[in-house]
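One letter stands for each residue in the lines below.
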Amino acid sequence: MNGKEVMRNMTYGSVNNGVSYNEAAKWCGIDDFQLYLFNEGTNFQSYKLFGAHITEAEKDGTAVKGCRFAVWAPNAKSVSLVGDFNNWNAKERYLYKLGTTGVWYGFYTDIGEGCIYKYAVEDGNGKVVLKTDPFAFWCELRPNTASIVKNIDYKWKDSKWMKKRGETSTHDKPVIIYELHMGSWKMHEDGSFYTYRELARELIPYLKDMGYTHLELMPVTEYPFDGSWGYQVTGYFSTTSRHGKPEEFKYFIDECHRNDISVIMDWVPAHFPRDAHGLAKFDGTPVYEYADTRLGEHKDWGTLVFDYSKTEVISFLTSSAHFWAAEYHVDGLRVDAVSSMLYRDYSRNHGEWLPNKYGGNENIEAIEFLRRLNTIMKTEFPNIMMIAEESTAWGMVTGDPKHGGLGFDYKWNMGWMNDTLTYMSMDTLFRGSNHNLLTFQMCYAFSENYILPLSHDEVVHGKRSLIDKMFGDYDQKFAAYKAMLGYYMSLPGKKLFFMGGENAQFIEWRFAEGLEWHLLENEKHKQFHEYVHDLNNFYIANKPFWEIENSWEGFEWSNAGDCDNSVLSYVRKSRKKEDIVVVIINFIPAEHKKYAVGVPIEGEYEVEFSSDAEKYGGTAKTVKKIYKTHKSNLGNMPYYIDTDIPEYAVIYLKYKGPIKKAVRKNREKNINKLSDKK
């Protein structure tokens, strides 16, 4: 049987009778070198090789159009293609195995765009299981689980954005991330999801108006169970069909870019679900997961762990990350559950885990994977944001891989989040002795590049919503919440805020329901929403809050130790010496009169922003008030101002320049008169 006969038979789905089909594989685009790289673990574009691709192959010297399929199933006895085109007959269209590569492939002229398919994978014992294509670009809407042949070409209009992104780092730029669950931001009255196009029409103007610079999407990679929120992925190359087609998701991202909004995707390389149609025991054996359950299971989550020691798994995962940046133009990946990847004993008791070859608890191969991943992504996509959800004291998460770091751009500061929410939920009578919960984060604030997260994880499973965590009565909760957000927004570190928090929603987030937008008809909630709007925009407009975030050059304590009054005061600085913001926060329901706050420059300071403003539901006692400095012996500051601080309030003051001459002369006359009387 010659090569052309092989191609003819393959085109019509004949059975492999042991003939070498390597030459025919080349004719339909299966490249030997790309296969070699995949098996070696260095093919980060293997989505171009695997999955279903509408392409051309040679038949009898003539190019014919069809669909090429390729799948990795190294221990399968046989693999056949089933779908709506052959009545799901597993004994008709067998794929051909390429030597020792573990790869099976086929080419069919009667299969095209929109065809529904799966792989019928026969294991060594003759058991056949229907599997979703791991590299599929689109899948059926749940509860159906088949893959769909899909051309995902799209004509992008964001070239200016992409060029600018490649030239611009986010490290000295304002970043306020709005974390979003696409299914529950808003829902139609009948309970159906918004489409990608509907979200583009309503969400993007809202983000722009509210001042959010970045949008972080909880996983939109395909997943079977709504209750997993997308974190149990079955389609690592497939955008979920809950909201529309792949090209419509590209349109959504395109529109975000055209409106100056960056898009970050949650990405889950730590684990995957056990669903029979997914990656679990893909060819009847643990192919993608560790074989030993002491490494290969997360019992808490009911999921399986990727085997990072397998080179093909590394190619699969790095290709997935590359795919979303290359094909969908995402501006960042937030890597989920990094802690569970770093430690072999993560959430495991004694005897439930295996030490590494040196006897330690570090997952050496996962660490190497993360370093390689971040190196590839930053090389291929300059200034893409690689973000780690990492909750332990692991060092150098954002450090250079060449010097032992993991290579991420940012790490979620879970310690700050836990300390702050613990403090804010505490009875104000006990806050004085717990003042360090507010100040401790500055002891390590510059050890990594941090994002301060107020994420979805903090408003579910009985933890209560953010406003409901605040100690006090109804009115005090609003005031305390405003004070906390003012503290949050003025600290070093990028910001992440989960949807609904800006409405002061009292109920926890419910993934099966839309947010409570009707709350904005209530005056207090409307005032709070306006507060968040103005707070975001103040942050963006003022460089001291974000220009220097990785050193003490951008931050100086005025008073970190006033535990008796539960007040914090500090100065945020930009590169321009006189461009500073003085921050004062009162964390208890008691007003402080003539409170001395140290400042670094002599002159006048004006209240530019106050949570006590009338339009936010406050008393308006400090709005637009100007304070003049006095010489000081207060610690490290050469001057001070006497301020009035309302209860549960945050105040931002800006340096306005020297004290006006007329005022200075009057002050000197008064001082001289007092001297004469003496």
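The rules behind each value
Residues numbered from 1 in each chain as written. Predicted model: local features only at pLDDT ≥ 70, side-chain atom pairs only at ≥ 80, totals over all residues. Heavy atoms only, no water. Axes fitted to C-alpha atoms, helices over the stretch in contact; angles between N-to-C directions. Helix = DSSP H or I, 4+ residues; strand = E, 2+ residues; numbered from the N terminus. Parallel < 35°, antiparallel > 145°, perpendicular 65-115°, else oblique. Contact = heavy atoms within 4.5 Å. Nonpolar A, V, L, I, M, F, W, Y, C, P; charged D, E, K, R; others polar. Pairing = 2+ DSSP bridges. Expected span 1.5 Å × (residues − 1). Bend = angle between axes of the 7 residues up to and from the residue. Buried < 20%, exposed > 50% of the residue type's maximum accessible area, 1.4 Å probe, protein only. Core = buried A, V, L, I, M, F, W, Y, C linked by side-chain atoms within 4.5 Å. Right-handed = clockwise from strand over helix to strand, strands pointing away. Patch = residues over 30% accessible without salt bridge, like charges linked within 9 Å, V, L, I, M, F, W, Y side chains within 5 Å. Areas by Shrake-Rupley, 256 points an atom, 1.4 Å probe, with all protein chains shown as cover. Salt bridge = Lys/Arg side-chain N within 4 Å of Asp/Glu carboxyl O. 1 Å grid on protein atoms, 1.4 Å probe; cavity = no way out; pocket = protein on both sides within 12 Å on 5 of 7 lines; lining within 4 Å. Points joined across faces, edges and corners; volume = space filled by probe spheres on them.

Caption draft 1: Focus on the packing of helix α14 (residues 474–490) against helix α15 (residues 523–541). Where α14 meets α15, the axes come as close as 11 Å, and the angle between the chain directions of the two elements is 10°. As the angle between them shows, α14 and α15 are arranged roughly parallel. In this structure, α14 contributes Tyr474, Asp475, Phe478, Tyr481, Lys482, Leu485, Gly486 and Met489 to the contact, and α15 contributes Lys524, His525, Phe528, Tyr531, Val532, Leu535, Asn536 and Tyr539. Considered class by class, the residues forming the contact of α14 with α15 number 10 nonpolar, 3 polar and 3 charged.

Caption draft 2: Structural view of the environment of glycine 112. Within the secondary structure, glycine 112 is located in the loop between β6 (103–108) and β7 (116–122). Expressed as a C-alpha distance, the spacing of glycine 112 and tryptophan 301, which sit 189 residues apart in the sequence, is 38 Å. Apart from residues no more than four positions distant in its own chain, glycine 112 is found in contact with Ile54 and Val149.

Caption draft 3: Spotlight on the sheet that holds strand β30 (residues 639–645). With antiparallel pairing, the 3 strands of this open sheet are ordered in space as β26-β30-β29. Edge positions in the open sheet fall to β26 (592–599) and β29 (630–631), since each of these has one partner strand only. In this sheet, β30 lies alongside β26 in antiparallel orientation, the contact comprising 6 bridges. Looking across to β30, one finds that alanine 596 is bridged to aspartate 642.

Caption draft 4: Seen up close, helix α8 (residues 311–328). Taking 1.5 Å of rise per residue, the 18 residues of α8 would be expected to cover 26 Å, and the 25 Å separating its terminal C-alpha atoms lies within 8% of that figure. Maximal helix bending in α8 amounts to about 25°, located at histidine 322. For α8, a buried count of 15 out of 18 residues is recorded, marking the element as mostly surrounded by other parts of the structure. Two residues or fewer after α8 comes histidine 329, characterised by a positive phi angle close to 60°.

Caption draft 5: Inspection of the nonpolar core at higher detail. One finds Tyr178, Tyr236, Phe249, Phe252, Tyr308 and Leu485 to be the most contacted residues of the largest nonpolar core, which totals 177 residues. Top element by residues in this core is α14. It accounts for 10 residues. With sequence-adjacent residues up to four places away left out, phenylalanine 252 is seen in contact with Met182, Tyr196, Leu199, Ala200, Leu203, Ile204, Leu215 and Leu217.

Caption draft 6: Here's a closer look at the pairing of strand β11 (residues 214–217). In β11, alternate side chains face the same way, and those of His214 and Glu216 on one face and Leu215 and Leu217 on the other are all buried. As paired strands, strand β10 (residues 176–180) and β11 are joined by 4 bridges and run parallel to one another. Following the sheet pairing, leucine 180 is matched in β11 by leucine 217. In the classification by handedness, the crossover that spans β10, the intervening helix α5 (residues 196–210) and the parallel β11 is right-handed. Here 4 bridges tie β11 to strand β14 (residues 262–267), and the two strands are oriented parallel to one another. By the bridge assignment, glutamate 216 is partnered in β14 with isoleucine 264.

Caption draft 7: How the structure looks around a nonpolar patch on the surface. A cluster of nonpolar residues, Trp88, Val128 and Leu130, forms a patch on the protein surface that exposes about 260 Å² of accessible area. Within the secondary structure, valine 128 sits in strand β8 (residues 128–131).

Caption draft 8: Quick look at helix α6 (residues 246–258). A rise of 1.5 Å per residue sets the reference length of α6, with its 13 residues, at 18 Å; its end C-alpha atoms lie 18 Å apart and thus fit the reference within 8%. Along α6, the residues that are buried comprise Pro246, Phe249, Lys250, Phe252, Ile253, Asp254, Glu255, Cys256 and His257. Contacts from the buried residues of α6 go to α4 (159–167), α5, β11, β13 (235–239), β14 and α8. The positive-phi residue at the C-terminal boundary of α6 is aspartate 260, with phi of around 60°.

Caption draft 9: Here's a closer look at the layout of surface pockets. For the largest pocket, the calculated volume is near 620 Å³. In terms of lining, the largest pocket is formed by 24 residues, of which the most central are Trp229, Trp301, Asp336, Glu389 and Asp457. Elements supplying a minimum of two residues to the lining of the largest pocket: α9 (338–342) and α11 (414–424). Here the lining of the largest pocket takes 3 residues from α11, the largest share from any one element. Residues of the lining of the largest pocket, tallied by class, amount to 8 nonpolar, 10 polar and 6 charged. The calculated volume of the second largest pocket comes to roughly 490 Å³. For the second largest pocket, the lining is made up of 23 residues, of which Trp161, Thr213, His214, Asp260 and Ser262 are closest to its centre. Looking at the lining of the second largest pocket, the elements that each hand over two or more residues are α4 and α5. Of the residues contributing to the lining of the second largest pocket, the split by class is 8 nonpolar, 9 polar and 6 charged.

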